[in-house]
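The chain contents come next:
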Amino acid sequence: MSDPRRPVPPSLWRNADFRRLWTGQTASQIGEHASLVVLPLFAVLTLHASAGQLGVLRAVGQAPILLLSLFAGAWVDRWRTRTTMVLTDAGRALALGAAAVAGLCGVLGLPALLVLAFAVGALSVFFDVAYQASLVRLVERDQLVRGNSALEGSRSAAQTGGPALGGALVSLLSAPVAAAAGALFFALSFLSVRRIRRTEAIPERPGPTPRVWRRIHEGLRFVAGDSALRAVCLASAVFQFSFAAVMTVYLLFLPRELHLSGTVVGLALTAAGPGALLGSLLAARLPARFGHGAVLVCAAAVGDGVFLCVPALHGSSAVTVPALLAAGFVFGCGGQLVNVTVMAVRQAVTPDGMQGRAAATITFVGMGMTPLGSLAGGLLAEEWGLRTSLLVTAAGMMLSPVVMALSPLARLGRRLPAPPAARAVTGGEDGGSKPRVAPH
């Protein structure tokens, strides 16, 4: 039962600053995911890069996730998120704009493109950590799930539409013009985020500012010391490792075992996008009705478990393609339900001064397992064959919902838990539900 003395928060979309954040984040995500296609196509079509060079380019663009996530978290917790997002948007717009001009003039070589890919990737890491921390500072606590649902929904749409837009622009126009279009999206994000008016309250710390390594250590210690966040990290690491292995085998399984064309393979991969959009919409309502813990475990079990059916597919494309589309849709829906709900729980149990570092730590731990998972998937495919390897790696993904089911996450109710300080003040009660996270 709601507390009658508690004021009802205004509608989320009446919050002008949230609308500006959503608009900026959406434009930024479209520009970011479009550039993930534009830059490799630039290398292939304009610079005639080899397969090995293209692999290096992609690796350089992804390296900032592992190298800079923890630093980004420490940075964001000491700065206003609006400032961080504005600076990173401006940097990416200028970088892609300069690349477009250099490409049109014929003076952009592969070494410069590698530097550009790393720079855009690094700035994107800082922006992504900042917008997650920004939401907590812009909306009411009861609006976190809906806010994350809206932001993650736009991110999912960008993951689906951004690469398609980038590829279309390169095909219809040229790679340099497509890079210029990416710069325009970052400029739009810059203009929108810059209009956020709410003054952020940055938590003040007594004494001198600790060194960056000290702040990173504080973030790692906070996440490691919290039972719910430890479970999030472990479940994320297991999932990312297994999912990377699954995708390595899956991209070989579709053309070689099911004999599908490249166009159909691309269609099967994009089916997760519409599913993710549905998952974002469901995430705004299901946790409040059935409980955050139940939604997390069930969505992960169904979304991850659907891949167990894929190795059983045989026969003509008339049967296999609809089945693959359905599997991708269910996986995208379940995965997005988990993403939005986990993000809301993480934001709820984390103090304001630790938001950036908590997000960066979980990203670092989870995404840090993807290279190892990809290698494991390749080795299994060589040793055991594609069908058996796909079944084994898909079974590995099921360890993620098992971890959540055995952790405090599974016991979360319909109300989000309070941060440690709030639980200490209220004696462990949060809207009638017991705290599910160990105090600090």
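Look a little higher up for the structure.
Residues numbered from 1 in each chain as written. Predicted model: local features only at pLDDT ≥ 70, side-chain atom pairs only at ≥ 80, totals over all residues. Heavy atoms only, no water.

Caption draft 1: Focus on helix α8 (residues 227-256). Taking 1.5 Å per residue as the helical rise, α8 with its 30 residues ought to reach 44 Å, and the 43 Å between its terminal C-alpha atoms agrees with that figure. Taking burial as the measure, the 30 residues of α8 include 21 buried ones, the bulk of the element. Two or three places before A228, at the start of α8, stands the capping residue D226, its side-chain oxygen 3.0 Å from that residue's backbone nitrogen. (Helix = DSSP H or I, 4+ residues; strand = E, 2+ residues; numbered from the N terminus. Expected span 1.5 Å × (residues − 1). Buried < 20%, exposed > 50% of the residue type's maximum accessible area, 1.4 Å probe, protein only. Polar contact = N/O pair within 3.5 Å; in protein donor to acceptor, adjacent residues only side chain to side chain.)

Caption draft 2: Local environment of the packing of aromatic side chains. Inspection of the entire model under this criterion finds six aromatic pairs. When the centroid spacing of 6.1 Å and the interplanar angle of 45° are considered together, the rings of F127 and Y131 count as tilted. One end of the pair is F127 and the other is Y131, both in helix α4 (residues 110-138) and four residues apart, which spans about a single turn. Judged by its relative accessible area of 0%, F127 is buried. By relative accessible area, which is 2% here, Y131 ends up buried. Judged by centre distance (6.4 Å) and plane angle (20°), the rings of F239 and F331 are stacked. Note that F239 is positioned in helix α8 and F331 in helix α13 (residues 317-349), a separation of 92 residues in sequence. By relative accessible area, which is 19% here, F239 ends up buried. (Phe/Tyr/Trp six-rings, centres within 6.5 Å; stacked < 30°, edge-to-face > 60°.)

Caption draft 3: Highlighting the packing of helix α7 (residues 212-224) against helix α14 (residues 355-367). Contact geometry for α7 and α14: axes closest at 9 Å, N-to-C directions at 70°. Comparing their axes, α14 and α7 come out roughly perpendicular. Within the contact between the two elements, α7 uses R215, E218, G219, L220 and V223 and α14 uses R357, A358 and T361. Residues of the contact of α7 with α14, tallied by class, amount to three nonpolar, two polar and three charged. (Axes fitted to C-alpha atoms, helices over the stretch in contact; angles between N-to-C directions. Parallel < 35°, antiparallel > 145°, perpendicular 65-115°, else oblique. Contact = heavy atoms within 4.5 Å. Nonpolar A, V, L, I, M, F, W, Y, C, P; charged D, E, K, R; others polar.)

In short, geometric facts, not functional conclusions.
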